[in-house]
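Chain by chain, the residues run as shown.
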Amino acid sequence: MSTQKKPIRKAVFPVAGLGTRFLPATKAMPKEMLTVVDRPVIQHVVDEARAAGIEHFIFVTGRNKGVIEDHFDSQYELEHTLETRGKAKELAQLLRELPGAGQTSFTRQQKPLGLGHAVWCAREIVGNEPFALLLPDMLHHGVKACLAEMIEAYHEFGGNHIAVSPVPEDQTHQYGIVGVKDAKAKVSALTAMVEKPPRGTAPSNLHITGRYILQPEIFGLLSAQEKGAGGEIQLTDSMVKLWADIKQPFHTVRFDGQIYDCGSKIGFLAANVAYALARPDLGPELKVELQKLL
């Protein structure tokens with residue numbers, strides 16, 4: 001078993017999905033580059049990881065995703081134009097948010113075989129150390145960044161951590177669901193984990209929200225390439241084995257903010273409204289416009 005409290009330095013972002021629910025917008029542009037207010041969805045998630053102290057950002061990409069790599073690279077022509085036009089504020093922001101040399105890595109998931117397969121594709125870059133996994137579709141909007149809360153819990157308990165949040169009881173069959181020792185606690189030991197349980201069989205109403213801290217032994221389990229729900233290689237199946245068979249500790253960390261599923265049109269639109277309303281430079285004026293519409 002790996003050392004349980006090695007620092008979390010690396011984060012994996014699976015960005016190989018096709019984004020078919022947003023066609024034709026995603027015909028030539030990755031869904032992760034759709035903007036929530038004035039930042040691409042993937043930028044919001046990378047910001048969350050950076051705020052939690054992540055040093056190395058690993059993107060698992062697919063075909064037609066080169067613009068994501070370009071987004072996190074220096075753009076000399078743009079920077080030079082901003083400088084010559086005296087747009088110091090805009091230039092400073094770009095440079096401030098630019099990852100340093102060697103802080104980004106990109107690897108390909110050649111076939112859409114599921115989330116578990118996407119994570120496995122990052123195994124050589126992650127190496128033998130614990131890592132964070134953030135699903136870019138899921139924006140976590142709260143007072144404190146979700147991953148930062150998880151890393152605090154990791155420093156206390158070690159092992160593996162999963163962010164969770166409640167959903168209505170009649171929707172539990174749509175999600176990965178966990179059972180916990182103490183449903184009221186911010187951090188709790190895991191007691192059950194199941195991917196999309198049949199109606200009426202869920203161990204709780206706490207769903208997995210797309211933020212994880214995982215130990216590197218997960219890669220050995222994923223290497224079996226076993227297919228689960230939906231005929232895909234499910235991450236949940238290997239997490240269950242890591243917890244139940246290998247006996248590694250798992251804790252859940254309840255996120256108390258709002259979660260927006262930007263893989264759906266309603267979630268994406270709601271995220272744009274929520275993030276804009278939270279900004280002092282946009283919120284008051286937007287509220288007036290929304291009242292006109294409603």
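Our structure's up above, just so we're on the same page.
Attention in this report is confined to the structure presented alongside it. What you are looking at is a predicted structure, and each value in this text was computed from that prediction instead of being measured.

What follows deals with the overall build of the protein chain. When helices and strands are counted, the protein chain shows eleven helices and 13 strands. What you see for the protein chain is a C-alpha radius of gyration of 19 Å, in line with the 19 Å of a compact globule of 294 residues. With respect to the principal axes defined by its C-alpha atoms, the protein chain has extents near 60 × 45 × 40 Å. The burial tally for the protein chain puts 46% of its 294 residues in the buried class. If you take every contact in the protein chain between residues at least 6 apart in sequence, the share linking residues at least 24 apart comes to 76%. Carbon together with sulfur atoms contributes 54% to the accessible area of the protein chain, which is approximately 14,800 Å² in total.

Along the chain, the position of Val12 falls in strand 1 (residues 10-14). Take Val12: its relative accessible area is 0%, and that puts it in the buried class. In sequence terms Val12 and Phe106 are 94 residues apart; their C-alpha atoms lie 9.8 Å from each other. With near-sequence residues (within four places) excluded, Val12 lies in contact with Ile58, Val60, Ala122, Val126, Phe131, Ala132, Leu133 and Leu134.

We now examine the nonpolar core. Within the largest apolar cluster, 39 residues are counted, with the highest numbers of intra-cluster contacts made by Phe13, Ile54, Phe59 and Leu147. Per-element tally for this core: the top contributor is helix 7 (residues 146-157), with seven residues. In contact with Phe13, other than residues within four places in its own chain, are Ile42, Val45, Val46, Ala49, Phe57, Ile58, Phe59, Val60, Leu134 and Pro136. Core analysis: the next-biggest nonpolar cluster, separate from the first, contains 31 residues, Ala122, Leu190, Phe219 and Phe250 among them.

On to the pattern of salt bridges, then. Within this structure, the stated rule accounts for 16 salt bridges. The partner of Glu48 in a salt bridge is Arg211, and the shortest N-O contact between them spans 3.0 Å. With Glu48 in helix 1 (residues 41-51) and Arg211 in strand 11 (residues 206-214), the pair connects residues that are 163 residues apart, well separated along the chain. For Arg211, a relative accessible area of 0% puts it in the buried group. Salt bridges sharing partners connect three or more residues here, namely Arg9, Lys10, Glu55 and Glu129.

Right, let's get into the packing of aromatic side chains. The full count for this structure, using the stated rule, is seven aromatic pairs. Among the aromatic side chains, those forming a connected cluster through ring pairs are Phe13, Phe57, Phe59, Phe72 and Phe106. A cation over an aromatic ring shows up here: Arg123 above the ring of Trp120, its NZ or CZ 3.6 Å from the ring centre.

Another point: helix 10 (residues 265-277). Between its first and last C-alpha atoms helix 10 spans 18 Å; for 13 residues at 1.5 Å apiece the expected length is 18 Å, and the two agree. For helix 10, the elements touching its buried residues are strand 2 (35-36), helix 1, strand 7 (138-141), strand 13 (258-261) and helix 11 (283-293).

For the coordinates displayed, the defined rule picks out zero disulfides. Just so you know, Cys146 is unpaired, no disulfide at all, and the nearest cysteine sulfur is the one on Cys262, 14 Å from it.

Analysis parameters
Residues numbered from 1 in each chain as written. Predicted model: local features only at pLDDT ≥ 70, side-chain atom pairs only at ≥ 80, totals over all residues. Heavy atoms only, no water. Helix = DSSP H or I, 4+ residues; strand = E, 2+ residues; numbered from the N terminus. Rg over C-alpha atoms; globule rule 2.2 N^0.38 Å. Buried < 20%, exposed > 50% of the residue type's maximum accessible area, 1.4 Å probe, protein only. Contact = heavy atoms within 4.5 Å. Areas by Shrake-Rupley, 256 points an atom, 1.4 Å probe, with all protein chains shown as cover. Core = buried A, V, L, I, M, F, W, Y, C linked by side-chain atoms within 4.5 Å. Salt bridge = Lys/Arg side-chain N within 4 Å of Asp/Glu carboxyl O. Phe/Tyr/Trp six-rings, centres within 6.5 Å; stacked < 30°, edge-to-face > 60°. Lys NZ or Arg CZ within 6 Å of the ring centre and 35° of its normal. Expected span 1.5 Å × (residues − 1). Disulfide = S-S within 2.5 Å.

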